[in-house]
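Coordinates in review
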Amino acid sequence: METAVLELHTGGSPSVVDLTADTADFVRGKGDGLLNVFVPHATAGVAIIEVGAGSDHDLLTALNDLLPTDNRWSHVHGSPGHGRDHVMPAFVAPSVALPVIDGVLQLGTWQSIVLVDLNIDNPERRVRLSFLAG
Amino acid sequence: METAVLELHTGGSPSVVDLTADTADFVRGKGDGLLNVFVPHATAGVAIIEVGAGSDHDLLTALNDLLPTDNRWSHVHGSPGHGRDHVMPAFVAPSVALPVIDGVLQLGTWQSIVLVDLNIDNPERRVRLSFLAG
Amino acid sequence: METAVLELHTGGSPSVVDLTADTADFVRGKGDGLLNVFVPHATAGVAIIEVGAGSDHDLLTALNDLLPTDNRWSHVHGSPGHGRDHVMPAFVAPSVALPVIDGVLQLGTWQSIVLVDLNIDNPERRVRLSFLAG
């Protein structure tokens, strides 16, 4: 297994960060296999969606509806409503796998791999890419 | 890695399509390993649920509640409310992996692998099956 | 592929069960690769969240909001509202993969692997761990 860690700075607001280019670079030349994208943080997830046409914003809106930043959460610390950030990875998991053929991610035309990060208290993020050849 | 693409016609309404039989056929005779089911579309996902007792309909109802087909979405094109179709893959991911032993999917008795497709504007769908032996 | 099954007793209320220690034991000494955690039940899922600070309770609350235990569900059997338990795995999938390096799960500091089980009618649960070396 070949593995590497991306270091990201996500800033102070909920964000959707496109990882596609870095991920495509990682698998280039590696042949066939499965790529795993894993986020080792308890308040972030990985999704595969279209970006650039508003869906990243729409996703944050849907997450606000599902997991409001109010005082309903038992897990209380940090910014108001931060407890919801800890629930998000149950819905937007911190792990996803993609098939790779001849060093190329088999994404559809409109798919991008994104980090979904609601946490505004910790802008330093890591993403682990792992390739298992087959 | 052995890989193949299923071609599906999902029709003009939100749908849950059972992929279990085709997937079981694909892994038959392949020994032990992990199977990845990946949908290369930005408005579809893959789930593992029971089908045939109403849960496929219940899932579409729950998705309607979470992601209504109204005008709240920034991503505007196609049928009314289509923007929500682009958010769904963040919740129902387009990728899932299953263990395979001696060429048999290790699904539970009541589990089926399904394509979840809200998009009514694109009925032609592809699903990539990839098997990594181990 | 090395694979094993954990046997769990989850009791008579919706529960979040920490699988991290058992999973860490399973991969110890196995080198580098991907671990797949798969639940062969149609009313349970696997998540990676923080536990011990209230987020497990918060997750069950969020699931109650998204999937209420009322009579809206087509799939009717068992305890009142049990139909929602069959929808949950579309959102909290029964499968997740994690990178393993030198026999150690590459979880973040605050991440735990948990079984999410809403079903109060079937307390006997199995979880399959599968390791693919690479």
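Above this text sits the structure in question.
Residues numbered from 1 in each chain as written. Chains lettered and ligands numbered in written order. Predicted model: local features only at pLDDT ≥ 70, side-chain atom pairs only at ≥ 80, totals over all residues.

**Overview of the packing of helix 2 (residues 55–66) of chain B against helix 3 (residues 83–91) of chain C**
How we decide: Note on geometry: axes are lines fitted to C-alpha atoms, helical ones only across the stretch in contact, with angles between N-to-C directions running from 0 to 180 degrees. In DSSP terms, a helix is any run of H or I states spanning at least four residues, a strand is any run of E spanning at least two, and both are numbered starting from the N terminus. Should an angle lie under 35 degrees it is considered roughly parallel, over 145 roughly antiparallel, and from 65 to 115 roughly perpendicular; all remaining angles are considered oblique. Any residue pair is listed as a contact if its two C-beta atoms, each placed from the backbone, are within 7 Å. When residues are grouped by polarity, Ala, Val, Leu, Ile, Met, Phe, Trp, Tyr, Cys and Pro land in nonpolar, Asp, Glu, Lys and Arg in charged, and all others, Gly among them, in polar.
Running from N to C, helix 2 of chain B and helix 3 of chain C point in directions that differ by 70°, and their axes come no closer than 9 Å. Our classification of the angle between helix 2 of chain B and helix 3 of chain C gives roughly perpendicular. Here Ser55, Asp58, Leu59 and Ala62 of chain B of helix 2 of chain B lie close against helix 3 of chain C, whose contacting residues are Gly83, His86, Val87 and Ala90 of chain C. Taken together, the residues of the contact of helix 2 of chain B with helix 3 of chain C break down into 4 nonpolar, 3 polar and 1 charged.

**A few points about the relation of the copies chain C and chain B**
Operational definition: Here the copies are matched by least squares. The fit uses the C-alpha atoms of residues with pLDDT of at least 70 in both.
Its rotation angle being 120°, the transformation that places chain C on chain B also includes 0.0 Å of axial translation and leaves an RMSD of 0.0 Å. The operation mapping one copy onto its partner corresponds to a three-fold rotation axis. Of the C-alpha atoms belonging to chain C, the one lying closest to the rotation axis is found on phenylalanine 91 of chain C, 3.3 Å away. Counting the interface residues of chain C, we find that no more than 19% of their copies in chain B are interface residues as well, pointing to two distinct contact surfaces.

**Some words on the nonpolar core**
Spelled out, the test is: To form a nonpolar core, buried Ala, Val, Leu, Ile, Met, Phe, Trp, Tyr and Cys residues must be joined through C-beta atoms within 7 Å. Between the buried cut of 20 or more and the exposed cut of 12 or fewer other C-beta atoms within 10 Å of a residue's own C-beta lies the partly exposed class, and all C-beta atoms are placed from the backbone.
Core analysis: the biggest nonpolar cluster contains 123 residues, and Val114 of chain A, Val114 of chain B together with Val114 of chain C have the highest contact counts within it. Contact partners of valine 114 of chain C, with chain neighbours within four places excluded, come to Val16, Val17, Asp18, Leu19, Ala47, Ile49, Val51 and Asp56 of chain C.

**Focus: the interface of chain A and chain C**
At the junction of the two partners, chain A supplies 27 residues and chain C supplies 32 residues. Elements with a contribution of two residues or more to the side of chain A that touches chain C: strand 3 (33–38), helix 3 (83–91), strand 5 (95–101) and strand 8 (124–133) of chain A. Per-element accounting of the side of chain A that touches chain C gives the leading share, 6 residues, to helix 3 of chain A. Residues that form the side of chain A that touches chain C fall into these classes: 16 nonpolar, 9 polar and 2 charged.

**Describing the pairing of strand 4 (residues 44–49) of chain B**
All names here are of chain B. Put simply, the rule is: Strand pairing is assigned whenever DSSP detects at least two bridges linking the two strands.
Most of strand 4 sits out of view: 6 of its 6 residues are buried. Every second residue of strand 4 is oriented toward a common face, with Ala44, Val46 and Ile48 on one face and Gly45, Ala47 and Ile49 on the other, all of them buried. Of the pairings in the sheet, the one linking strand 4 to strand 7 (residues 112–117) comprises 6 bridges and is antiparallel in character. Paired with isoleucine 49 across the strands is serine 112, a residue of strand 7.

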